[in-house]
Every structure is written in structure tokens, then in C-alpha cells.
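Per-entry structural report
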Amino acid sequence: MLPLKEKDKPIIQKLLSAGCCARCVLRFCCVSVQAAYRQAQHETLKELQAFITEKENNKVQDSTAQALTHENNKSHDPALSETVEDPPCKRTKLDPTETLQSKADSVAMVTVKNMESRVCVACLGILQDLCGPDQAVQIAETAKAQNYEFDTLVLSVSLPAQLCVREHSCWLHVKKEVREKGLVLDKDDVIQVKEAFKWIMQGLVTKQLEGVAVVSKSPFEVGVEFIHPETESDCHFLAKSCPDCFKPTKNKQSVFTRMAVVKALEKISDARFLERYPCPPLEPSSSCTPQDIQCLHVSVFIAGRYNKFCRSLPQTPWVIDGERRMESSVEELIAAPILSAFRADGFNFSSSGREDVDVRTLGNGRPFAMELLNPHRSRFSKVEMKQLQETINKSSDKIRVRDLQIVTRDAMSRMKEGEEEKTKSYTALVWTQKAIEKEDIVFINDIKDLTLDQKTPLRVLHRRALAIRQRVIHSMNARFVDSHHFYLGLKTQAGTYIKEFVHGDFGRTKPNLCQLLKTDTDILELDVESVDVDWPPPIPE
């Protein structure tokens, strides 16, 4: 039995006569029992007809009982019995209850047949013929064919925007009836088409996938999309009434998105809506059309540290004016084995700062992170991650990776937090124009917390805004090589331009090493010795 109440009868009558399917009638009656939607459509329709016919039968029985009572009273009242009545019509049946009952039953049968062949004015057929075993088979076969690794899934549904319009029209259709009878019914209590669709499909899909649970939250999503040819014609009146709600966007083929339509329906008054749109909605010419089923796994995040040993390797692909300048990059050497192992569609690479193409990264390496897009495999043990790290390291002698691990999206923010706050250590090979002695560079060791004013370097001006940035060199040490060369060790605030501090960048960095040594200087080699960000956590060798 459907969980319906006496107050639902007028709503059921209005919606059935308007052309709503049985499941949409349940939605507007706020039936939240999932099993009611899983019942076969024709069975639900018969129950609804029986429910409202029962009321009519009761009325007939009450009127018949009153008539019999009246006749009985006449037989005992001489004054009434003297009244002469016309003889009954030859076609009149002896039992009026039977007459009306058979008539009601025949009407119900006709209505059931008509309703089953009509496209619902509210859901456009989605809850009629587009949610059943056949659709469950398609969903399961798609998920299996794409070879994802999953033990649960979430079912997402994309519906044509005009369903919001049609639902609003149906709501206004029953709203008056509800108020006239003094009943309370909130539009927010109406079950959404998406929810009803999922309730129907969950068990069917689980059965086809041999026990894989369809849940409300899962990293693996199977998307079902429906479209309808009359979306624009159904929504067009809203664009005239609320033009500010519908603005073209680059990525959307139509301005009539669900969010735009919902926003317009919130702004338009009931009276204006009824002037522009039929209530109840007209019967559609066709059902919705299902599109290709899409599968998507949430991103997986990988973190680690890398060393770069080559002075002709950029961090990311180096492309100038559409032409590639270097055959590979740190990003690509790391990403290729990881993409293959996780069977991901793509990736986003980020790191704690970046080194120039001619700069090595030594020591414990530079923290990096990768977002793997739509990975078909997502679960790796610590042993498997260790093996993946070894695969990367064996693939090239230009880089090396350590501490490779799977992390959460939230954990990645720690890397970016440390980018500007932490310190970095460098070693630079410096050339001096003027000949020097050991004693000439000893004073450098005593310099502490030297504040620099660095105007955006000329070499990065094409990609960074023009500004003067203050950076601090916390400490330095000098190691004499010969009369024109020495090694300069620096511990600096993150974001300090080391090359510009050494050669001055035509006076754009002040103070600079040229000023300190009172001679022109230049940088021949630069190594990053450490990036002092305590992330990701180290993994014992």
C-alpha cells in the first residue's frame, strides 16, 4: 500500500488529470518512502486510481444509504406514502451502487491505459520509461568497460532546465487546491526528480554490478544526462521576464542553465508566471533523450621531493612562440611513470618555488605535488609507491625523486604556505672583474639579515608584474677559489632573486654584490642546496 493520506486525494486528482505520471504524483504528495518509487509504474497508477475511486464509492454509498432511509421513513408515514411517483425508467438498474461502481472502474481502466501511453508533463518521461533495468544495464556496462578501480559509486543526474519550469507550473496548479482546503504543503517538501530517479536506480545498478553499493558520497561518479528538444521554447518566456538572469558564457552552449532558470523562477511572481506559461503545463511532444553515460573519479594527489642534476633542464615544458626549446622537463620526467601507473587522463604539477633551467636542485630536494585527473586506479600500497619512485629514478639520470606518497587535497596547501614563509639555501659561483684576495671577501661572512629592494627583474618582467619587493638575506659565507672566482653561500627569504643580487640587474636590486665588493660581479653557476619546507613528511629509506 502506498503511504497516502486523505489530504492527498485532491492533489492526486488534479495531477493525474493534468497529465502527471504516477511517480510524479507521489513526489508532489511528498512521499519519501523509496520503495514506493521502485514499484512498477502501472501498479502505482492502479493504486492511485483505487485510492481516489474509494472516496467516490464512499460518497455513492452514503447517498444510497440516505435514499433507503428516506424510503423507509415514507413507508411508515401515511402522508408521505400517499405521494404518487413516476414509474422508474426501463434502463434504470435496481442497485445504483453497482451502476456507479462499474462506471468508476471503467473510467479508471481507461485512465490507466491513457496515462501509460502519455509523456508526463512534469518529468518528461524520466520517471516513466527512462529508469529501469535496461538503463541499469547500460550504466553497469559503461562502468565496467572503462576499467575503473572502485568498490562504491555515486550516481549523478543532469536534467534539462525546463523541468524546473514545469515543476513550478504543476506546483501552482495544486497550490490553490491545497490552500482552499486549509492544508499545509511546502514546495521544498516535494521530492526532486533526481532523488526519485536515484531511489529507483540504486538497487538495479547494484544488482548489475554484483553488489557494488550505490551511495550518496563516493570518489567514483557515474553521470547520467538527459536532454529535451523543447528546453529553449519552454524557458524562453523567462528570458523576457528576467533578462539579467540569462547571460551568455564561453563554456555553455545555452543560456538556459538550471541555475539561471532557478534564479529566474525565484524572481518572477506567480501572477506573471501564469500570464506567460500554461498551468498545468502542456503535454510534451516527446520524452527526454539520454546522452552518453560519463564516468569520473575524483582527483588523486601525489607529493614528494625532487633533485635536479642537469643545467639544461627546465622545470616545466619550455615553449617560446609555439616552439619547444628543450626536449624534456622535470615535470614530464616525473609525471610520465605516475600517469601510466594511475591510468590518469591528465595532471596538474606544482612545486614550492622553481629553479631556472641552468640551476641545479641538490640536498633534500624541492617539494612538489601533482593532481592526477580522473585516475582509473587510485589505491596504491606503500610498497607500490616505493616501486613507482624507483621506476621514476631509473628512467633518467637528470632527476631523482624521494618521499613519494599519496596525500590529501588539504595537505597540499602546506606546501604553498611555506613558499613565502620559509628560507632557502644556495651556493653560487661568482666571478669578479677586479682581482681579489681571500681578505677581500672575509667581511661577507659577517653580514646578517641584509634587506634588499628588488625591482622585478628584466628577465621575468614579461610574466611578473612590475613592483619593488623587499627580501632578506639572512646570512652569507664566502669561499675563495682564485683571484677572480669564489663560492658564495646564502641563506635567504623565499622569493629572493639570487642572480640579480650578484650582478645587480642594472641597479634594479639594491644593495647588490657589485656595490659590496666595489667591482662588477656575475654569477656563473647556481645550486639550490635546500628548500626549508617541512612537507611532505619524509619516508624512511
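Throughout what follows, the structure given in this document is the object of discussion. (Residues numbered from 1 in each chain as written. Predicted model: local features only at pLDDT ≥ 70, side-chain atom pairs only at ≥ 80, totals over all residues. Heavy atoms only, no water.)

Remarks on a nonpolar patch on the surface
A surface patch of nonpolar side chains, about 470 Å² in accessible area, is lined by Leu-458, Leu-461, Leu-466 and Phe-506. Topologically, Leu-458 is positioned in the loop between strand 13 (448-455) and strand 14 (468-482). (Patch = residues over 30% accessible without salt bridge, like charges linked within 9 Å, V, L, I, M, F, W, Y side chains within 5 Å. Areas by Shrake-Rupley, 256 points an atom, 1.4 Å probe, with all protein chains shown as cover. Salt bridge = Lys/Arg side-chain N within 4 Å of Asp/Glu carboxyl O. Helix = DSSP H or I, 4+ residues; strand = E, 2+ residues; numbered from the N terminus.)

Description of the environment of Ala-369
As for its position among the elements, Ala-369 is in strand 10 (residues 360-373). A relative accessible area of 0% places Ala-369 in the buried class. Between the C-alpha atoms of Ala-369 and Arg-305, which are 64 residues apart in sequence, the distance is 8.5 Å. In this view, Ala-369 contacts Ile-302, Ala-303, Asn-348, Phe-349, Ser-350, Met-412, Met-415 and Trp-535; residues no more than four positions away in its chain are not counted. (Buried < 20%, exposed > 50% of the residue type's maximum accessible area, 1.4 Å probe, protein only. Contact = heavy atoms within 4.5 Å.)

Let's talk about the packing of aromatic side chains
Summed over all chains, the structure comprises 11 aromatic pairs. When the ring of Phe-237 is compared with that of Phe-273, the centres are 5.5 Å apart and the planes differ by 75°; the resulting orientation is edge-to-face. On the criterion of sequence distance, the pair formed by Phe-237 in helix 10 (residues 231-241) and Phe-273 in helix 12 (residues 270-276) is long-range, its members being 36 residues apart. Exposure class is identical for Phe-237 and Phe-273. Each is buried. Each residue in the set Tyr-148, Phe-150 and Phe-220 is aromatic and connected to the rest through ring pairs, giving one cluster. Note that Lys-9 overlies the ring of Phe-51, its terminal NZ or CZ placed 4.7 Å from the centroid. Its end group placed over the ring of Phe-380, Arg-377 keeps NZ or CZ at 3.9 Å from the ring centre. (Phe/Tyr/Trp six-rings, centres within 6.5 Å; stacked < 30°, edge-to-face > 60°. Lys NZ or Arg CZ within 6 Å of the ring centre and 35° of its normal.)

A short note on the environment of Pro-511
Here Pro-511 shows up in the loop between strand 16 (509-510) and helix 18 (513-517). Ignoring any residue separated from it by four or fewer positions in sequence, one finds Pro-511 in contact with Leu-450, Thr-451, Leu-452 and Phe-501.

Here's the deal with the side chain of His-228
In this structure, His-228 sits in the loop between strand 3 (220-227) and helix 10. A relative accessible area of 6% places His-228 in the buried class. One polar contact links the side chain of His-228 to the main-chain amide nitrogen of Glu-230, over a distance of 3.1 Å. At 2.7 Å, the side chain of His-228 forms a polar contact with the backbone oxygen of Ser-286. Residues within four places of His-228 in sequence aside, it is in contact with Leu-124, Pro-160, Gln-162, Pro-284, Ser-286, Ser-287 and Cys-288. (Polar contact = N/O pair within 3.5 Å; in protein donor to acceptor, adjacent residues only side chain to side chain.)

Quick notes on the pairing of strand 17 (residues 521-531)
Pairing of strand 10 with strand 17, which is carried by 2 bridges, proceeds in the parallel orientation. Paired with Thr-361 across the strands is Val-528, a residue of strand 17. Where strand 12 (residues 423-432) meets strand 17, 9 bridges bridge the pair, whose relative direction is antiparallel. Across the sheet, residue Lys-424 finds its bridge partner in strand 17, namely Val-531. (Pairing = 2+ DSSP bridges.)

Here's the deal with the nonpolar core
Within the largest apolar cluster, 82 residues are counted, with the highest numbers of intra-cluster contacts made by Ile-126, Leu-127 and Phe-197. Take this core: its biggest share by element is 8 residues, from helix 8 (residues 162-180). Setting aside anything within four residues of it in sequence, one finds Phe-197 in contact with Ile-126, Leu-127, Leu-130, Cys-131, Leu-155, Val-157, Val-224 and Phe-226. Within the second largest apolar cluster, 34 residues are counted, among which are Val-430, Ile-473, Ala-478 and Val-528. (Core = buried A, V, L, I, M, F, W, Y, C linked by side-chain atoms within 4.5 Å.)

Functional significance is not addressed by these values, which are geometric in nature.
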